[in-house]
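# Overview (structure and organization)
Listed here are the chains, written in short residue letters.
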Amino acid sequence: MSRLEIHGMMVGPIQTNCYLISDVDSKEALIVDPGAEPERIQQVIHELGLLPCGILLTHAHWDHINGCAGLKAAYDIPVYISEKERDTLTDAGINLSEELSGQTRSYQADVFLRDDEEVRLSENLHFVCLSTPGHTPGGACFYFPEEGVLFSGDTLFQYSVGRTDFPGGSMSQLVRSIREKLVPLPDETEVLPGHGPGTSIGDEREMNPYV
């Protein structure tokens, strides 16, 4: 029986997928990629009776991170991101804040994760940070092994991959990241991307031309 629940919503002008993954026993929850509309995300958290304990950022592009500060302040919780994404956080030219919002913005995180680092926040909230650069220099995916769920950000989409024409992007690096870090996961692994519908590793292995 699953001990975690996942609630998704699209936020912001680019319809970024924000997710809440929560422990059904403790109600502790992680917020994944709060790209915008922090007040709306708070309302959903309240309606579900969740207790946020952290924010996971797959990467630091503006449309995935811009609601982060409001939620961090509201719940006094840490922000987790790959250690290789420090420059994207602080550089408006890489995080696209100026390009997408017209404002130069620098962002903050609290915990910088290494590749393959495991974090257990409760008995059931256990994830692994998989470094998958290519869309951004320090992009990462978050894998919940007991649940068989992968939050892939803008690394892997249904039958496609993330753009690499932004500053710091690399198609060869992105494809290598997917093949080396994601393709080896079990076929039944559910993939929840940063935009668009969900998929599975098995379907992507069979249907995705980049894999």
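Scroll up a little and you will see the structure.
Here's what I pulled together on the structure shown here. (Residues numbered from 1 in each chain as written. Predicted model: local features only at pLDDT ≥ 70, side-chain atom pairs only at ≥ 80, totals over all residues. Heavy atoms only, no water.)

## Considerations on the overall build of the protein chain
Secondary structure summary: the protein chain contains eight helices and 14 strands in total. For 211 residues, the compact-globule formula gives about 17 Å, and the C-alpha radius of gyration of the protein chain, at 16 Å, lands near that figure. In terms of principal-axis extent, the alpha carbons of the protein chain reach across some 45 × 40 × 30 Å. Counting every position in the protein chain, which comprises 211 residues, the buried fraction comes to 54%. Partitioning the contacts of the protein chain with sequence separation of at least 6, the portion at a separation of at least 24 is 58%. Looking at the protein chain as shown, the accessible area adds up to about 9,100 Å², and 48% of this sits on carbon and sulfur atoms. (Helix = DSSP H or I, 4+ residues; strand = E, 2+ residues; numbered from the N terminus. Rg over C-alpha atoms; globule rule 2.2 N^0.38 Å. Buried < 20%, exposed > 50% of the residue type's maximum accessible area, 1.4 Å probe, protein only. Contact = heavy atoms within 4.5 Å. Areas by Shrake-Rupley, 256 points an atom, 1.4 Å probe, with all protein chains shown as cover.)

## Things to note about the side chain of T88
For T88, the location among the structural elements is in helix α4 (residues 86-90). Of note is the side chain of T88, whose polar atom sits 3.1 Å from the side chain of E85. Not counting the four nearest positions on each side in its chain, T88 is found in contact with A60, H61, I94, N95, T136 and P137. (Polar contact = N/O pair within 3.5 Å; in protein donor to acceptor, adjacent residues only side chain to side chain.)

## Description of the sheet that holds strand β10 (residues 149-153)
An order of β7-β8-β9-β10-β13-β14 is seen for the six strands of this open sheet, with the pairing classed as mixed. Where the open sheet ends on each side, the last strands, each with one partner, are β7 (118-120) and β14 (199-200). For strand β13 (residues 190-193) and β14, the ladder comprises two bridges, and the chain directions are antiparallel. Among the inter-strand pairings, V191 is bridged to a residue of β14, identified as T199. (Pairing = 2+ DSSP bridges.)

## Concerning the packing of helix α1 (residues 38-48) against helix α3 (residues 68-75)
Two measures define how a pair of helices packs: the angle their axes make with one another and the distance between the axes. In the contact formed by α1 and α3, the axes pass within 9 Å of each other and the chain directions differ by 45 degrees. What the angle tells us is that α1 and α3 run oblique. Packed against α1, whose contacting residues are P38, I41, Q42 and I45, the element α3 presents L71, A74 and Y75 at the interface. When its residues are assigned to classes, the contact of α1 with α3 shows six nonpolar, one polar and no charged. (Axes fitted to C-alpha atoms, helices over the stretch in contact; angles between N-to-C directions. Parallel < 35°, antiparallel > 145°, perpendicular 65-115°, else oblique. Nonpolar A, V, L, I, M, F, W, Y, C, P; charged D, E, K, R; others polar.)

## Some remarks on the pattern of salt bridges
Counted by the stated rule, this structure contains nine salt bridges. One salt bridge connects D115 with K181, and the closest N-O pair in it is separated by 3.2 Å. Taken as a pair, D115 in the loop between β6 (111-113) and β7 and K181 in helix α7 (residues 171-182) lie far apart in primary sequence, 66 residues in all. Connected through salt bridges with shared partners, the residues D115, D116 and K181 form a single ionic network. (Salt bridge = Lys/Arg side-chain N within 4 Å of Asp/Glu carboxyl O.)

## Section: the environment of G70
Within the secondary structure, G70 sits in helix α3. Distance in space between the C-alpha atoms of G70 and V119 is 24 Å, their sequence separation being 49 residues.

Coordinates in, geometry out; function isn't part of it.
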